[in-house]
Amino acid sequence: LIGFLLLGLLTVSFSSSAQAGGATLTWSPPSTYEDGTSLPLADIGGYKVYYGLSSGNYTKNIDVGKVTTYAVTGLTEGTWFFAATCYRVSGSESAYSNEVNKVIKIAPLPPTGCTVK
């Protein structure tokens, strides 16, 4: 199987709300195979985003299709680690991209049902 190089670095921006955090990941599509030969865009089947709460240990993944930006939502508080892969139309998948991480901090919800005077 011929693998891919994810030539663009994976980058991440974050947002959070009172209940959950989110991460928007962006990457560039590969343009060559690992052996240096040109990769036609038509051969790219899509991308997968992997993430988890420890470096290199991705407990969740999402097949995001052919997009190069994806928002992961519903993240709990903690340090989240992310990587992406590219897969061919035939199904073979690349190695992980560079890893990025971010600490998600979630503000507590204000109390309800009480009045402060």
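These numbers were taken from a predicted model, which means no experiment stands behind them.

With that settled, the discussion passes to the overall build of the protein. Helix and strand counts for the protein come out as zero helices and seven strands. Along its sequence from the N terminus, the protein presents helices and strands in the succession β-β-β-β-β-β-β. Partitioning the contacts of the protein with sequence separation of at least 6, the portion at a separation of at least 24 is 60%. As displayed, the protein has an accessible area near 6700 Å², and 55% of this comes from carbon and sulfur atoms.

For the structure shown, the criterion picks out two salt bridges. Asp 43 serves as the salt-bridge partner of Arg 88, at 3.2 Å between the closest nitrogen and oxygen. With a gap of 45 residues between them, Arg 88 in strand 6 (residues 78-88) and Asp 43 in the loop between strand 2 (21-26) and strand 3 (44-52) connect regions that are remote in the sequence. The same class applies to Arg 88 and to Asp 43, which are both buried. Lys 48 serves as the salt-bridge partner of Glu 93, at 3.7 Å between the closest nitrogen and oxygen. With a gap of 45 residues between them, Glu 93 in the loop between strand 6 and strand 7 (100-104) and Lys 48 in strand 3 connect regions that are remote in the sequence. For Glu 93, a relative accessible area of 34% puts it in the partly exposed group. When its relative accessible area of 21% is taken as the criterion, Lys 48 is described as partly exposed.

A full pass over the atoms with the stated rule returns six aromatic pairs. One aromatic cluster is present, formed by Tyr 50, Tyr 58 and Tyr 96 through successive ring pairs.

Attention now goes to the side chain of Arg 88. The buried category is assigned to Arg 88, whose relative accessible area is 17%. Side chain to side chain, Arg 88 and Asp 43 meet in a polar contact 3.2 Å long.

Attention shifts here to the nonpolar core. As a rule of thumb, soluble globular proteins bury nonpolar side chains together. If you look at the biggest cluster of nonpolar residues, it comprises 18 residues, and the most contacted ones within it are Leu 25, Val 49, Tyr 51, Val 72, Leu 75 and Phe 82. Mapped onto this core, the elements with two or more residues apiece are strand 2, strand 3, strand 5 (69-75), strand 6 and strand 7. Element by element, the count of residues in this core is highest for strand 3, at four residues. Not counting residues up to four positions away in its chain, the partners in contact with Leu 75 are Ala 20, Gly 21, Gly 22, Ala 23, Tyr 51, Trp 80, Phe 82, Ile 104 and Ile 106.

Our focus in this paragraph is the sheet that holds strand 7. Pairing is antiparallel in the open sheet, where four strands are placed in the order 4-3-6-7. Of all the strands in the sheet, just strand 4 (60-65) and strand 7 have a single pairing partner and so form its edges. On average, adjacent strands in this sheet sit at an angle of 25 degrees to one another, irrespective of strand direction.

Cut-offs applied
Residue numbers here run from 1 along each chain, matching the order of that chain's written sequence. Owing to the predicted nature of the model, reporting of local features is limited to residues with pLDDT of at least 70; listing and counting of side-chain atom pairs is limited to 80 or more, with chain, interface and lining totals taken over all residues. The side-chain values count all of the structure's non-hydrogen atoms but skip hydrogen atoms and water molecules. Secondary structure follows DSSP: runs of H or I at least 4 residues long count as helices, runs of E at least 2 residues long count as strands, and numbering of each begins at the N terminus. Here a residue-residue contact requires only that any non-hydrogen atoms of the pair lie within 4.5 Å. For every accessible area listed, the method is Shrake-Rupley and the probe measures 1.4 Å; residues are considered covered only by the protein chains on display. By convention in these notes, a salt bridge is any Lys or Arg side-chain nitrogen within 4 Å of a carboxyl oxygen on Asp or Glu. Partly exposed describes any residue whose relative accessible area lies between the buried limit of under 20% and the exposed limit of over 50%, with all areas from a 1.4 Å probe on protein chains only and scaled to the type maximum. In this analysis, rings of Phe, Tyr and Trp, with Trp reduced to its six-membered ring, are considered paired at centre separations within 6.5 Å, and the interplanar angle assigns stacked below 30 degrees, edge-to-face beyond 60, and tilted for intermediate values. Polar contact is the term for a pair of N or O atoms within 3.5 Å; when the atoms are in protein, one must be able to donate a hydrogen and the other to accept it, and sequence-neighboring residues count only if both atoms are side-chain atoms. Residue types Ala, Val, Leu, Ile, Met, Phe, Trp, Tyr and Cys, when buried and joined through side-chain atoms within 4.5 Å, form a set referred to as a nonpolar core. Note on pairing: DSSP must find at least two bridges between two strands before they are called paired. With axes taken as lines fitted to C-alpha atoms, and helix axes fitted only over the stretch in contact, angles between N-to-C directions fall between 0 and 180 degrees.

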